[in-house]
Amino acid sequence: MEVGKIISNSLKYPFRNIKKLPILFVLFILAAIIPLGILFDNRYVTIFGVISFFLFILIVPGYLFSIVNIGVNESAVMPSLNFKKNIYDTLRLIVLRIAYMIVPALVFFIVLSTLGMLSIDMISNLRVLTFVLTAGLIFFIVLITYIIFEVLLFFAKARLAYLNSLTEALKIHKVVGDIRSIGIGNIILWLIFMAILLVVASYLSSLVMLIPYVGFLIYMVIVIPTLESIGNYSLGLLYSNIVDNDPNLDKFEREIELLKYFD
């Protein structure tokens, strides 16, 4: 599927599922309760919000992951809520994120410890400019490492949705192969689209947030979940280019796998 069609289908996706879209809105209400409790200085609402936010963390990532699965299989339905599967998928995603963030974390701590020793010597010798340049270079290295593994994590998530195997999703060399199959150019275009969408949404959200109280709720409960559904669905559609070229699984078999996944 061409990137242009992916973008077009992704933007239409939430609005093709108007009847089920409120499920996503209700889930994001769970994350809005704590700020409301703090805003109105209500201890009981805040405590309830903490419990609700815990449920949000357990359920929502897994539910959004099921949207990636829908996209990978080039379907257009909004998934139903399945607490058991959603929580299970959330736990798998947590494991996946921890695994992919090990290298960036190691790089960060190594350069931090190195900079810590060097900074004392540089500052004591009044080499402030050298210290600033060194710190800037190290920060750049850490940032680039993080971005690389964050991108890998995106496609590891899609690979997990396609193969339904955490082991396969943890194989970085396979994920790199997937990225090559999709095409760096297609991925760059997709990332540009996501960046533009985020900028436009941020601008519109800033206008909505000007509405006292109601603006915050609209942003938290409608704007963010709509953007999340678009982003996750588009990731699935982007990865579906690999699925389309997989000789080991035809379209009918993929539909069967999709039915099994949501069974």
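As a reminder, the structure under discussion sits directly above these lines.
Just so it is clear, the structure is predicted and the values come from calculations on it, not from any experiment.

A. Spatial organisation of the packing of aromatic side chains. Taken as a whole and assessed by the stated rule, the structure comprises 7 aromatic pairs. On the numbers, 5.2 Å between centres and 80 degrees between planes, the contact of Phe28 with Phe56 is edge-to-face. In this pair, Phe28 sits in helix α2 (residues 21–39) while Phe56 sits in helix α3 (residues 43–72), placing the two residues 28 residues apart along the sequence. For Phe56, a relative accessible area of 14% corresponds to the buried category. Arranged with centres 5.9 Å apart and planes meeting at 55 degrees, the rings of Tyr162 and Tyr239 form a pair that is tilted. Here Tyr162 is found in helix α6 (residues 128–163), whereas its partner Tyr239 is found in helix α10 (residues 214–244), with 77 residues between them in sequence. Owing to a relative accessible area of 14%, Tyr162 belongs among the buried residues under this scheme. Seen from the ring of Tyr44, Arg43 lies directly overhead, with NZ or CZ sitting 5.2 Å from the centre.

B. Fine view of the packing of α2 against α3. For the pair α2 and α3, interaxial distance at closest approach is 8 Å and the crossing angle is 150 degrees. With respect to each other, α2 and α3 are oriented roughly antiparallel. Note that α2 runs across α3; the crossing there is left-handed.

C. Geometry of the layout of surface pockets. Reported here for the largest pocket is a volume of approximately 980 Å³. Lining the largest pocket are 29 residues; nearest its centre among them are Leu64, Phe154, Lys157, Glu228 and Asn232. Here the residues of the lining of the largest pocket sort into 22 nonpolar, 3 polar and 4 charged.

D. Spatial organisation of the pattern of salt bridges. This model, assessed by the stated rule, comprises 5 salt bridges. A salt bridge links Arg92 to Asp89, with the shortest nitrogen-to-oxygen separation between them at 2.8 Å. Pair noted here: Arg92 and Asp89 are both in helix α4 (residues 83–100), with a separation of 3 residues, about one helical turn. Given the relative accessible area of 7%, Arg92 is considered buried. With relative accessibility at 1%, the residue Asp89 sits in the buried group. Sharing partners across several salt bridges, the network here consists of Arg159, Glu168, Lys171 and Asp178.

E. Fine view of unusual backbone geometry. Even without being glycine, Glu74 reaches a positive phi, approximately 55 degrees. Mapped onto the elements, Glu74 comes out in the loop between α3 and α4. Its relative accessible area of 25% is what places Glu74 among the partly exposed residues. Backbone geometry places Asn164, a non-glycine residue, at a positive phi of 55 degrees. The topology assignment puts Asn164 in the loop between α6 and α7 (166–169).

Parameters and conventions
Residues numbered from 1 in each chain as written. Predicted model: local features only at pLDDT ≥ 70, side-chain atom pairs only at ≥ 80, totals over all residues. Heavy atoms only, no water. Phe/Tyr/Trp six-rings, centres within 6.5 Å; stacked < 30°, edge-to-face > 60°. Helix = DSSP H or I, 4+ residues; strand = E, 2+ residues; numbered from the N terminus. Buried < 20%, exposed > 50% of the residue type's maximum accessible area, 1.4 Å probe, protein only. Lys NZ or Arg CZ within 6 Å of the ring centre and 35° of its normal. Axes fitted to C-alpha atoms, helices over the stretch in contact; angles between N-to-C directions. Parallel < 35°, antiparallel > 145°, perpendicular 65-115°, else oblique. Left-handed = near helix turned anticlockwise from the far one by under 90°. 1 Å grid on protein atoms, 1.4 Å probe; cavity = no way out; pocket = protein on both sides within 12 Å on 5 of 7 lines; lining within 4 Å. Points joined across faces, edges and corners; volume = space filled by probe spheres on them. Nonpolar A, V, L, I, M, F, W, Y, C, P; charged D, E, K, R; others polar. Salt bridge = Lys/Arg side-chain N within 4 Å of Asp/Glu carboxyl O.

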